[in-house]
Amino acid sequence: MDSTTLDALEYHEVLAELSGFSSTSLGKELILAEFPSTDLSVIEPRFADVTELTTLLDSGLRLPLGGIEDLHPILTRPMPEGSYLLSEDLRFIGSTLSSIVLLKTVSTDGFRLKYPRTGTALDSLADHSALSYELSRLFDSTGKIVDDASAKLSRIRKEIRDILVRAREVMGRLLKDRGLQEVLQEEYATIREDRHVLAIKAAKHNEFDGVVHGRSGSGETYFIEPMALVELNNRRSVLRRDEALEEIAILRAVTADVVESRDEILSDITTAAWLDSVQARSLFAREISGVIPVLKQGGCIKLKNARHPLLVIKEAGGEGRVVPVDIRVAEEHRVVVISGANTGGKTVALKTLGLLTLMAMSAIPISAEDGSEVLLFTSIMADIGDSQDIIASLSTFSAHIKRLGQVLSSAGPGSLVLVDEIGSGTDPSEGGALALSALDTLARLGATSIVTTHLNTLKAHAQRDPAYLNVSVEFDEKTLHPLYRLCYGVPGPSLGLSIARSLGLPPELVDKAREYLGTEESAFIESVRMLEVEREELRRSLDTAKELERKRSEAVSRLREGRVELLAKVQGRIDSVVEEATKEIRRSAEKFKFMPTSSPDSIAPVIKDVTEKGARVVEMITKVPRFIPGEGDNVTIKDLKQKGVVLSLDSENEKAEVRVGALKIWVDWCRLERTEGTKPGKAAGTRGKGRRGAHNPQEVNIDADMEVSRSLNLLGMRVEQAEPLLNRFIDNAHAEGLGSVEVIHGVGTGRLKIGVDRLLSAHGSVSRFYLGDRARGGGGVTIVELK
């Protein structure tokens, strides 16, 4: 990946946006120095780190990386023996070490179990708590070494303070001395050369006993140190020198500790910078709704709802709206030709593919949906934008040709070549021929090329050559607005004349331009336009089919939910009645305890009472008048709202076999009701002959109370007769949750088999289908697997 490609694909702009999410200067530098890798074994572990940090962020936590600074300029400078670091440098180091100590405390046993990769990195940090504490206690908020940094420094500073107190007392007495009022210029003391002095009149200075330390600018005042303070000031000067020496000794000692830990400190800030870069990636992924794609070294490219990340960031800031685009490149297609109207999104699609690939190769989450697949190319080369170079005296065409020559000399197996408006800037015929020759050469070299064009030569060739793929950007010809969708398999019209008319060119001028188009050129443009119309009609049909499938799925879901709700209500009713019955029986039993047990007559009333209450319980449970079906009755299955005909009865278990369309279903009598206007069933108490054991052994039990056949026999039927039966059979089997069913159609002329295949291919509930093996009927039976 050369700098021209990285610049053309706006890679560095993305890195700049990503670095804005870092917390440290070193993390920012690490991100800005990022370069795409072609090694899967390097990229995948880095993405694993990003995944773990994303999980951490989702839990509401965040690594405390603030305050960790770049200490390389301080710690890598030469440090000869006896040298020491200044207070400001040591305070800077101490602040960073405090942040590293805080960061290390995040890694607890529970943290390591949940975030093992991050925990391992945190555990690698050295324990700087002692050095951090030492540095933090040495300095006050202004950077001055504190008194208790050492016992000697504390003693020296205490003596200095004592001297200052005594000096102020002496000065105070002198200022109050009336005998000195005539010689004093001002009634205050001051400091000169770090010694206490008095302001004495110049004319009287010979009358005052002391050491002169200077005169005022006007010469009217002498600054004289009284003799009474000379000894104190001399002692204070000595102590000041001792203080400075002790401070240097303290700085040398702590500097030695820092130097001893220098390698560990540098290693730790590097680890912190790496963690910062990973956390920044996770935060950036949140910003652009990014995902980690599937990384592959071969196969197809699949970017689902891909969006240019910089446009996503602009959209978040209130600028414009981003339209996602699906980008797919099959392995067999060595060249993809993207065509269509200007402003239709060709260049954005090209840049999005290249940029998202570079991001994935840099372990940066991409702005697409889960399930996107990215190929790791050995190299990526791009020629996008106006490459005109006035300084080098290169026209746009010459600059493109020069770049194309560089690409051809560098491309090979595993290369990705992205060219915007290939072959432009010269005669369309020559440009198209040159572009085709270059693309064929790149394909032979093993490269994958994605290009945009308006050249009909390329579009026509892409329709004929299986190694090429035509892709068009969709454009609403009525409103002349781009739709920013890619349509695969068809070229896109440039619509230059239509756009020219919409932008205000006179209609007669545009019509005249159409006349100048050659016959073959016009025919090609018209064929492309017809493809656009057919594609739009197909898209509308597909949208309609998807909507119907959605409604069907919702209906099936409501059916299943209704059955569950009904069963819950029935169970609740039964539980309530049983509870009441239990209470009644207990009350009767209580009465029985107080009756003489030796008399049968005394027991009889209790038995009668229990019997009557039991009958009431039965009446409460079955208070709806019972319907006992008879063979041939037209009935409705109440909870399924399906009509059918009773075929046979199982009186012992009170079940009826009902034909519903092409299905035979065993249903409890209590779930049936007579369909209005049909002959009545048998009276209560009569029972049909039991045929329960005679039903098809291939039938299966549904929800413990319903059985549905796994097979549909269409033998002897025409396709138009079989179609409604097959559709209902598949719908009901899918509604009951069956995984697979059989369709018996025989061999015959094969027409019925062809019709069944067509119907199954179009049915939304069918996952796949195939002929059965010899044991299940061979070519006369189709096995259907349901979604």
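This section reports on the structure supplied with the text. Everything numeric in this text was worked out from a predicted model, so none of it was measured. (Residues numbered from 1 in each chain as written. Predicted model: local features only at pLDDT ≥ 70, side-chain atom pairs only at ≥ 80, totals over all residues. Heavy atoms only, no water.)

Here's the deal with helix α8 (residues 116-123)
Our working definition: Exposure is judged per residue with a 1.4 Å probe applied to protein chains only, and the accessible area is read against the type maximum: over 50% gives exposed, under 20% gives buried, and values in between give partly exposed. Helical segments are the DSSP runs of H or I of at least four residues, strand segments are the runs of E of at least two, and each set is numbered from the N terminus. Taking the helix axis as origin, the arc is that swept by the directions to the C-beta atoms. Note on contacts: a residue pair qualifies if any of its non-hydrogen atoms lie within 4.5 Å across the two residues.
What α8 keeps buried is the set T118, G119, A121 and L122. Taken end-on, α8 shows its buried residues confined to a sector of 160°, consistent with a single buried face. Check the buried side of α8 and you find it contacts α4 (40-58), α6 (87-104), α7 (109-114) and α12 (262-288).

Focus on the pattern of salt bridges
Stated precisely, the cut-off is as follows: Any carboxyl oxygen of Asp or Glu within 4 Å of a side-chain nitrogen of Lys or Arg constitutes a salt bridge here.
Summed over the entire model, instances satisfying the criterion amount to 25 salt bridges. For E134, the salt bridge identified is with R137, shortest N-O distance 3.2 Å. Taken together, the positions of E134 and R137, both in helix α9 (residues 129-138) and three residues apart, correspond to about one turn of that helix. Judged by relative accessible area, which is 29%, R137 ranks as partly exposed. Connected through salt bridges with shared partners, the residues D147, R157, R161, R240, E243 and E247 form a single ionic network.

A closer look at the pairing of strand β2 (residues 195-201)
Here is the key point about a regular strand: its side chains alternate between the two faces of the sheet. The condition is simple: Strands were regarded as paired on the criterion that DSSP finds at least two bridges between them.
When you tally the buried positions in β2, you get six out of seven residues, the bulk of the element. As judged from the five bridges shared by strand β1 (residues 184-192) and β2, these two strands associate in the antiparallel manner. When the bridges of β2 are listed, A189 appears paired with L198. Joining the antiparallel neighbours β1 and β2 is a turn of two residues, in which E193 adopts a positive phi near 55°. Relative to strand β4 (residues 221-226), β2 is paired through four bridges, and the arrangement is antiparallel. From the neighbouring strand, L198 faces β4, where its bridge partner is I224.

Regarding the packing of aromatic side chains
Test applied: Each Phe, Tyr or Trp ring, with Trp reduced to its six-membered ring, pairs with another whose centre is within 6.5 Å; inter-plane angles below 30 degrees give stacked pairs, above 60 give edge-to-face pairs, and intermediate values give tilted ones.
Counted according to the given criterion, the structure contains two aromatic pairs. Between F21 and F284, the aromatic rings sit 5.9 Å apart at their centres with planes inclined by 70°, giving edge-to-face as the arrangement. Taken together, the residues F21 in the loop between α2 (11-19) and α3 (25-32) and F284 in helix α12 connect sequence positions 263 residues apart. Judged by relative accessible area, which is 0%, F284 ranks as buried. For the pair F111 and Y115, a centre-to-centre distance of 4.9 Å together with 50° between the ring planes defines the contact as tilted. A relative accessible area of 8% means that F111 is categorised as buried.

Quick word on the nonpolar core
The criterion, for reference: We define the nonpolar core as a collection of buried residues of types Ala, Val, Leu, Ile, Met, Phe, Trp, Tyr and Cys that are connected through side-chain atoms lying within 4.5 Å of one another.
Counting residues in each nonpolar core, the largest one holds 55 residues, and the members touching the most others are L303, M359, I366, I380, L418 and I450. The dominant element in this core, judged by the number of residues it contributes, is helix α14 (residues 346-361), at nine residues. With residues up to four places along the chain from it excluded, the contact list for I380 reads M1, T5, L9, T357, L358, M361, L416 and L418. Core analysis: the next-biggest nonpolar cluster, separate from the first, contains 40 residues, Y115, L138, F139 and L266 among them.

Notes on a nonpolar patch on the surface
The test is simple: Candidate patch residues must exceed 30% relative accessible area and have no salt bridge, after which like charges are joined if within 9 Å and Val, Leu, Ile, Met, Phe, Trp or Tyr side chains if within 5 Å. Where accessible areas are quoted, they stem from the Shrake-Rupley method and a 1.4 Å probe; at the residue level, only the protein chains shown are allowed to cover.
Residues V570, I574 and V578 make up a contiguous nonpolar surface patch of about 210 Å² in total accessible area. Here V570 is to be found in helix α20 (residues 519-593). Judged by its relative accessible area of 42%, V570 falls in the partly exposed class.

Examining the packing of α2 against helix α13 (residues 309-316)
Stated formally: Where helices are involved, their axes are fitted lines through C-alpha atoms of the stretch in contact, as for all axes, and angles between N-to-C directions lie from 0 to 180°. For this classification, under 35 degrees means roughly parallel, over 145 means roughly antiparallel, 65 to 115 means roughly perpendicular, and everything else is oblique.
It is the contact of α2 with α13, at a shortest axis distance of 10 Å, that shows an interaxial angle of 45°. As judged from the angle between their axes, α2 and α13 are oblique. When α2 is examined against α13, the residues E13, V14 and E17 are found in contact with a partner set consisting of P309, L310 and I313.

Concerning the sheet that holds strand β23 (residues 740-744)
Across the sheet, which stays open at both edges, the four strands sit in the order β22-β23-β25-β24 with mixed pairing between neighbours. Looking along the sheet, the strands with just one partner apiece sit at the ends: β22 (711-713) and β24 (766-771). Here the average twist between neighbouring strands, direction ignored, is 20°. Inspection of the sheet shows β22 paired to β23 by three bridges, in the parallel sense. Across the sheet, residue L712 finds its bridge partner in β23, namely V743. Lying over the sheet, helix α23 (residues 751-762) contacts β23, β24 and β25 (781-786), oriented at roughly 160° with respect to β24.

Topic: the packing of α4 against α12
Here is the rule: Take the far helix as the reference: if the near one is turned anticlockwise from it by less than a right angle, the crossing is left-handed, and if turned clockwise, right-handed. By the convention adopted, Pro, Cys, Tyr, Trp, Phe, Met, Ile, Leu, Val and Ala count as nonpolar, Lys, Arg, Asp and Glu as charged, and the other residues, Gly among them, as polar.
Running from N to C, α4 and α12 cross one another at 65°; their axes reach a closest spacing of 9 Å. Taken as axis vectors, α4 and α12 run roughly perpendicular relative to one another. Of the two elements, α4 crosses α12, and the hand of that crossing is right-handed. Here α4 contributes R46, D49, V50, L53, T54, L57 and D58 to the contact with α12, which in turn contributes W274, V278, Q279, R281, S282, L283 and R286. Of the residues assigned to the contact of α4 with α12, the class counts are six nonpolar, three polar and five charged.

Let's talk about a negative patch on the surface
This is how the line gets drawn: Think of it this way: Lys and Arg go in the positive column, Asp and Glu in the negative one, and His and the chain ends go nowhere. Just so you know, the charge point we use is NZ for Lys, CZ for Arg, CG for Asp and CD for Glu.
A cluster of acidic side chains, namely D257, E260, D263 and E264, defines a negative patch on the protein surface. When contributions to the negative patch are tallied by element, the ones reaching two or more residues are α11 (227-260) and α12. As for its position among the elements, E260 is in helix α11. Under the relative-accessibility criterion, E260 is labelled exposed at 68%.

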